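Breakdown of the fold
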Amino acid sequence: GAVVSQHPSRVICKSGTSVKIECRSLDFQATTMFWYRQFPKQSLMLMATSNEGSKATYEQGVEKDKFLINHASLTLSTLTVTSAHPEDSSFYICRGRETGTGDPSNQPQHFGDGTRLSIL
Amino acid sequence: GQQVMQIPQYQHVQEGEDFTTYCNSSTTLSNIQWYKQRPGGHPVFLIQLVKSGEVKKQKRLTFQFGEAKKNSSLHITATQTTDVGTYFCAGSTGFQKLVFGTGTRLLVSP
């Protein structure tokens, strides 16, 4: 089945560091990439939606300048957490939507394995 | 905006007992998905339901999608310790934005 490769799986870094997370679709073209964040013992919250070649759409309350999303190709989307602080520590996970015809409700869902970010 | 609530938040059962989690959306959904997340892990896709009133089974797991396509349930028969984890429903509208439910954490004691 289709796979989304997400790297790194775990990051521990100092406050003020910028961290880049990559999601690559390995055998399909992801025209849309969704980025989620999950705090401990909470649900996954959608942060932003990116479409290849255009600017990302951010959910209410998510800072655009803090979480930079780039979706320059159909197989690669990146999320950069700029000047990360301890409150940004979370589990970040991407989901790629495959280009296809037919009923959109039947489109396969492809999640990355997630990135656990810890800011000291 | 769209909200997806799950009940209960937490359930502790003895191995062999049944378990059910309920999912309710504030809006009509085009489809609903279910995920299982083990502690420290990432959500793992279980199933997708698309049709009104649809019922699907996977071994001991039974999934239902409500007639109005606003609610769903997951029922586990005769739980096992391997069923431990948090179960999330996730609803999608026509724009493919997947909104996750609040989750139900299941603990199974041997």
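Figured I'd write up the structure that's included with this text. (Residues numbered from 1 in each chain as written. Chains lettered and ligands numbered in written order. Predicted model: local features only at pLDDT ≥ 70, side-chain atom pairs only at ≥ 80, totals over all residues. Heavy atoms only, no water.)

Turning next to the side chain of Ser 43 of chain A. Of note, Ser 43 of chain A is situated in the loop between strand S4 (30–38) and strand S5 (44–51). Overall, Ser 43 of chain A belongs to the buried group, its relative accessible area being 9%. In terms of polar contacts, Ser 43 of chain A uses its side chain to reach the backbone carbonyl oxygen of Gly 101 of chain B, at 2.4 Å. Excluding anything up to four places from it in sequence, Ser 43 of chain A contacts Arg 37 and Gln 38 of chain A together with Phe 88, Phe 100, Gly 101 and Thr 102 of chain B. (Helix = DSSP H or I, 4+ residues; strand = E, 2+ residues; numbered from the N terminus. Buried < 20%, exposed > 50% of the residue type's maximum accessible area, 1.4 Å probe, protein only. Polar contact = N/O pair within 3.5 Å; in protein donor to acceptor, adjacent residues only side chain to side chain. Contact = heavy atoms within 4.5 Å.)

Residues and elements named next belong to chain A. What the 4 strands build is an open sheet, ordered S1-S3-S8-S7; its pairing is antiparallel. Of all the strands in the sheet, the pair left with one neighbour each is strand S1 (4–7) and strand S7 (67–73). Looking at each pair of strands side by side, their axes are set apart by 15° on average, direction ignored. Judged from the 6 bridges that link them, strand S3 (residues 19–25) and strand S8 (residues 76–81) form a sheet pairing that is antiparallel. Across the sheet, residue Ile 21 finds its bridge partner in S8, namely Leu 79. (Pairing = 2+ DSSP bridges. Axes fitted to C-alpha atoms, helices over the stretch in contact; angles between N-to-C directions.)

Residue and element names in this part refer to chain B. Spatial ordering of the open sheet is given by S1-S3-S8-S7-S6, a layout of 5 strands whose pairing is antiparallel. Each end of this open sheet is capped by a strand with a single partner; those strands are strand S1 (4–7) and strand S6 (55–58). Going across the sheet, the axis of each strand differs from the next one's by a mean of 15°, ignoring polarity. Of the strand pairs in this sheet, strand S3 (residues 19–25) and strand S8 (residues 71–76) are connected by 6 bridges, and their pairing is antiparallel. Looking at the pairing, Tyr 22 lines up with Ser 73 of S8.

Another aspect to go through is unusual backbone geometry. Cis geometry is adopted by the peptide bond preceding Pro 8 of chain A, which originates at His 7 of chain A and carries an omega value of -5°. Here Pro 8 of chain A is to be found in the loop between S1 and strand S2 (10–13). Here the amide bond leading from Ile 7 of chain B into Pro 8 of chain B is cis, since omega sits at -5°, within 30 degrees of zero. With respect to the helices, strands and loops of the structure, Pro 8 of chain B is situated in the loop between S1 and strand S2 (10–14). Positive phi is not limited to glycine here, since Ser 83 of chain A has a value of about 45°. Relative to the elements of secondary structure, Ser 83 of chain A occurs in the loop between S8 and strand S9 (90–98). A residue is classified by how much of its surface remains accessible, and Ser 83 of chain A, at 32% relative accessible area, is partly exposed. With a phi close to 55°, Lys 69 of chain B is a non-glycine residue in the positive phi region. Mapped onto the elements of the fold, Lys 69 of chain B is located in the loop between strand S7 (61–65) and S8.

Before going further, it helps to examine the interface of chain A and chain B. Each side of the interface is counted separately: chain A has 22 residues, and chain B has 18 residues. Where chain A touches chain B, the interface holds 0 salt bridges. Between chain A and chain B we count 5 residue pairs in polar contact (both at pLDDT 80 or more) in total. Listing elements by their share of the side of chain A that touches chain B, those giving two or more residues are S4, S5, S9 and strand S10 (109–111) of chain A. Ranked by the residues each element gives to the side of chain A that touches chain B, the list is headed by S9 of chain A, at 4 residues. Grouping the constituent residues of the side of chain A that touches chain B by class yields 8 nonpolar, 9 polar and 5 charged. (Salt bridge = Lys/Arg side-chain N within 4 Å of Asp/Glu carboxyl O. Nonpolar A, V, L, I, M, F, W, Y, C, P; charged D, E, K, R; others polar.)

We now examine the environment of Gln 42 of chain A. The topology assignment puts Gln 42 of chain A in the loop between S4 and S5. It is 18 Å that separates the C-alpha atoms of Gln 42 of chain A and Gln 60 of chain A, two residues lying 18 residues apart in sequence.

By size, the foremost hydrophobic cluster in this structure holds 24 residues, and its most contacted members are Trp 35, Tyr 58, Phe 67, Ile 69, Leu 79, Tyr 92 and Leu 117 of chain A. Breaking this core down by element, the ones donating at least two residues are S2, S3, S4, S5, S7, S8, S9 and strand S11 (115–119) of chain A. Setting aside its immediate chain neighbours within four residues, Leu 79 of chain A contacts Val 19, Lys 20, Ile 21, Trp 35, Phe 67, Leu 68, Ile 69 and Tyr 92 of chain A. Core analysis: the next-biggest nonpolar cluster, separate from the first, contains 21 residues, Phe 19, Val 84, Cys 89 and Val 99 of chain B among them. (Core = buried A, V, L, I, M, F, W, Y, C linked by side-chain atoms within 4.5 Å.)

That's the geometry; what it means functionally is another story.
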